[in-house]
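# Observations on the three-dimensional arrangement
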Amino acid sequence: MFTHKSVLLQEVLDHLQPEPNQSFIDGTVGQGGHSRAILMRALSVVPSNKTRLLAIDRDAENLSVARKQLSEFGDSVVFVHDSYANVKANAYAHQFTHVNGILLDLGFASSHVDDPRRGFSFRAEGPLDMRYDTSKGMTAADIVDTWSEDELARIFRQYGEEKQASRVAQAIIAERTQHRFLKTTELAACVSRVLRSSGKIHPATRVFQALRIAVNDELGELRRALPDFVDLLLPGGRLLIITFHSLEDRIVKQFMKENSQLRVVTKHAIKPSKDEIQSNPRARSAKLRVAEKIDI
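Right, let's walk through the structure included here. (Residues numbered from 1 in each chain as written. Predicted model: local features only at pLDDT ≥ 70, side-chain atom pairs only at ≥ 80, totals over all residues. Heavy atoms only, no water.)

### Comments concerning the pattern of salt bridges
Close approach of charged atoms lets side chains of opposite charge pair. Applying the stated criterion across every chain, the model contains 16 salt bridges. Note that Lys-88 and Asp-231 form a salt bridge whose closest N and O atoms lie 2.8 Å from each other. Separated by 143 residues along the polypeptide, Lys-88 in helix α4 (residues 87-93) and Asp-231 in helix α11 (residues 218-232) bring together distant segments of the chain. On the accessibility criterion, Lys-88 (26% relative accessible area) is partly exposed. Residue Asp-217 is joined to Arg-224 by a salt bridge in which the shortest nitrogen-to-oxygen separation is 2.9 Å. Shared partners join several salt bridges into a network, and the residues in it are Asp-59, Glu-61 and Arg-118. (Salt bridge = Lys/Arg side-chain N within 4 Å of Asp/Glu carboxyl O. Helix = DSSP H or I, 4+ residues; strand = E, 2+ residues; numbered from the N terminus. Buried < 20%, exposed > 50% of the residue type's maximum accessible area, 1.4 Å probe, protein only.)

And the structure:
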């Protein structure tokens, strides 16, 4: 089993402020770390109460781990295998129509990076997949092998902020006439022949980020879900979102600032402490933003 450390865990608890008899939604439950802490906090005050949590994730493997991690809480937790973009339908189906807090952790789990079978990393050979939900949708290989040069350059530039997007796209188009890209290492090698290494950052880092975002429609799902989160919150309820790159953070920051039903709680994004980064280097780019629904 691959283990995942939940980032900004104490900060999430401090700003969510879970109490007994409240309802929560964890839109990206992952392996259950944040949800477990939320439930333990709410249930520690009054062990027997009506605290409930809707745990959503589109990764079936992580959801299976979360079920085991949260099994002690019994019927207090409802598990749903789906994208958080469908949060409203799932919330209504399971009577989570008015909740006290919603958490979204947009980082992918350590299991995604550490398991070569998932195809998220170029550090070990694996299928060029990158889907969170492996049961449906196009893979990264489908995109690389079928999309046009302009389409590839666009996502590398837009989602990966890759300055040499056009050169990378040209190289991929040229190479795929000889063979299909099926493995992560094949794509990484192609990109490395075009781009120079920049310090400790692998040349293919931005390209892989762009493909992951495109495969899972990460930015589109975030934009679609944000208004639904607000609708599901009770007045005084809080929305907590952890992002890991500037594209997501910009969307969240702008939405919280411009939505008339929200009061921004965190003037500046909360970042991990030096101690947390030292114990969990993957937390270094995490940012937490919090908003509270106002009664209007």
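That shown, we press on.
### Quick word on the sheet that holds strand β6 (residues 262-264)
Judged by pairing direction, the sheet is mixed, and its seven strands sit side by side in the order β3-β2-β1-β4-β5-β7-β6 without closing on themselves. Of all strands in the sheet, those with a lone pairing partner are β3 (77-81) and β6, marking the two edges. Taken over all neighbouring pairs, the strand axes of this sheet differ in orientation by 20 degrees on average, direction set aside. Pairing analysis gives four bridges linking strand β1 (residues 23-26) to strand β2 (residues 52-57), with the strands arranged parallel. In the strand pairing of β2, Ser-23 is matched with Arg-52. Seen against the sheet, α11 touches β1, β4 (99-105), β5 (233-243), β6 and β7 (287-293) and runs at an angle of roughly 150 degrees to β5. Helix α12 (residues 246-258) rests against β5, β6 and β7 of the sheet, and its axis sits at about 20 degrees to β7. (Pairing = 2+ DSSP bridges. Axes fitted to C-alpha atoms, helices over the stretch in contact; angles between N-to-C directions. Contact = heavy atoms within 4.5 Å.)

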